[in-house]
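# Inside the fold
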Amino acid sequence: MPWNWMWNLLLLVSLLLLLQVSDSEESRGRGRRRRRAHHVQLQRHDRDHREKSLSSLQFEMIALRSKLKLKSPSGIQRQGVTMGSSSTLNVPLGNAYNTEYYGTMQIGSKQTFKILFDTASSNLWIPSIQCPTDNCTRMQRYDSRQSSSFVANGTHFEIQYATRNNQPTILKGFLSTDTVQIAGLSIRGQKFAEITSLPPGVFDRANFDGILGLGFQNIAIGGVTPPFYKLIEQDLISQPTFSLYLNRNNSGVIDNQSGGKLLLGPKDPTLYSGCLTYVPLSKVGYWQFTTTSIVLGQDNTLCTNCESIIDVGTSLIVAPRAALMKINSLLGITEADKRDGVYTLSCSRVKGLPNMTFNIGRTDFVLTPSDYVVRYQTTCVSGFTSLDDGSSELTDDSGNDYSSLWIFGDVFIGPFYIEFDVGYKRVGIAPKVQ
């Protein structure tokens, strides 16, 4: 069940549009056995097209609809691995303007790819050498002829991430097997998809080559065993957990310093304060759990016993339509503030906005206005949006209703250290150490 990398990819286009408007206005006015964790070091990746990052937000909703397999409204159904001072393997990764978190991995013999991490899907796919260059522009393509560990499979693979202008954005290819390396760990016999066909232009502004899903095996397409499960099966990590530590920089300044970490295996207590608060999953597949309450300000309750999904593949916090309307009203945001599919506000107002409190596992986790307002130079964007535009139902083909679902994307993840426990099927959250 795919999620919404497309939303974050197209986010690059919105930023260009908003910053062009902003620049124009400015110019006119002037208990398990312990073993060390393997760290994947995140690094902010500066590209000349930083300005293009925001416009894709308007497409994240249709991408989320597709990932949840909701019914369509119209009926259309190296960078190098380096050693840290403590001998921990560090793989430099990119953070594209707080909208995409991605890193490098090797597949086969000396073939390196930039991979987007996604906690709401479970497959690994990369472009194949058979993908035409006009479709796979600027993308590293996998060539099985260069790999001595390649094993042919050939099973058809197809995944749909989003619909745009009522046209499905479908990636097609076939399954193959090879050795996959991440953070210096070699996964033998990993099945993955080689993509041979995708709509032209989809990856023109991508900061990654493929996607690595970190969801549960039961949502993997084709019954493929996800790479993280292989890490566990092959005893490459000592416990079935991984953690996210994401740094945020809402100033819009891109640097080459650490942007966070993906940890494979045991948690790192030096990266968070206090103790982790654990909450059991309410539904296994996505990382879904029940949030006791969400409150904006002192007493503006947005929901109680809210079903929530943590997804590093989503940029913003996705709320039910009614909750979004209430949030906008309390923040003084109107439909007139909607530009390129996202809500903007004056950066001068941010300090006066209220905190948002999430009660999870009997613990309050607080987002300050600087946490939930994403800033790109002089442009400020609300960190809230909705799947529901009021024009269509939010159900999938199995009849599951997603109209009340909350999706906690990177805006939520940023202030916290989050552990994902596959074994106990739970999520652990704590304030991160800056």
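Remember, predicted model here, so these are calculated numbers, not experimental data. (Residues numbered from 1 in each chain as written. Predicted model: local features only at pLDDT ≥ 70, side-chain atom pairs only at ≥ 80, totals over all residues. Heavy atoms only, no water.)

### Considering the environment of Val284
With respect to the helices and strands, the residue Val284 is situated in strand β14 (residues 277–284). The exposure class assigned to Val284 is partly exposed, which follows from its relative accessible area of 35%. Sequence-wise, Val284 and Gly215 are 69 residues apart; in three dimensions their C-alpha atoms are separated by 8.9 Å. (Helix = DSSP H or I, 4+ residues; strand = E, 2+ residues; numbered from the N terminus. Buried < 20%, exposed > 50% of the residue type's maximum accessible area, 1.4 Å probe, protein only.)

### Some thoughts on the pattern of salt bridges
It is possible for side chains bearing opposite charge to pair when their charged atoms get close. Applying the stated rule across the entire model yields 2 salt bridges. Residues Asp143 and Arg145 are paired through a salt bridge, measuring 2.9 Å at the closest nitrogen-oxygen approach. Since its relative accessible area comes to 7%, Asp143 is described here as buried. With its nearest N and O atoms 3.2 Å apart, the salt bridge here joins Arg426 to Asp421. For Arg426, a relative accessible area of 23% corresponds to the partly exposed category. Judged by relative accessible area, Asp421 falls into the buried class, the value being 0%. (Salt bridge = Lys/Arg side-chain N within 4 Å of Asp/Glu carboxyl O.)

### Side note on the state of the cysteines
By definition, a disulfide is the covalent link that joins the sulfur atoms of two cysteine residues. Within the structure shown, the criterion is met by 3 disulfides. Here Cys131 pairs with Cys136 through a disulfide, and the sulfurs are 1.9 Å apart. Its S-S torsion of about 90° marks the bond between Cys131 and Cys136 as right-handed, since a negative value means left-handed. Look at Cys131 and you get buried, because its relative accessible area is 0%. The exposure class of Cys136 is buried, given its relative accessible area of 3%. Cys303 shares a disulfide with Cys306; S-S distance 1.8 Å. (Disulfide = S-S within 2.5 Å.)

### Side note on helix α4 (residues 321–331)
Of the residues making up α4, those classed as buried are Ala323, Leu324, Ile327, Asn328 and Leu331. The buried residues of α4 occupy an angular sector of 135° when the element is viewed end-on, so they sit on one face. In α4, those exposed residues whose orientation departs by more than 90 degrees from the buried face are Ala322, Met325 and Ser329. Backbone geometry just after α4 places Gly332 at a positive phi near 75°. (Arc of directions from axis to C-beta.)

### Considerations on the nonpolar core
Among the nonpolar cores identified, the biggest contains 96 residues, and Leu264, Ile310, Tyr372, Trp406, Phe408, Phe412 and Val427 are the most heavily contacted of them. When residues of this core are assigned to their parent elements, the largest contribution, 5 residues, is made by strand β10 (residues 185–197). Formed by 10 residues, the second largest nonpolar core is a distinct cluster that contains Ile309, Leu387, Tyr402 and Ile407. (Core = buried A, V, L, I, M, F, W, Y, C linked by side-chain atoms within 4.5 Å.)

### Examining the confidence of the model for the protein
Within the protein, residue pLDDT values average 81, and 73% of them lie at 70 or more. Scored below 50 in pLDDT, residues 23–34 makes 12 contacts in the model with residues more than four places away or belonging to other chains. Overall, residues 43–51 carries pLDDT values under 50, and its contacts beyond four positions in sequence, including any with other chains, amount to 52 contacts. (pLDDT = per-residue confidence, 0-100. Contact = heavy atoms within 4.5 Å.)

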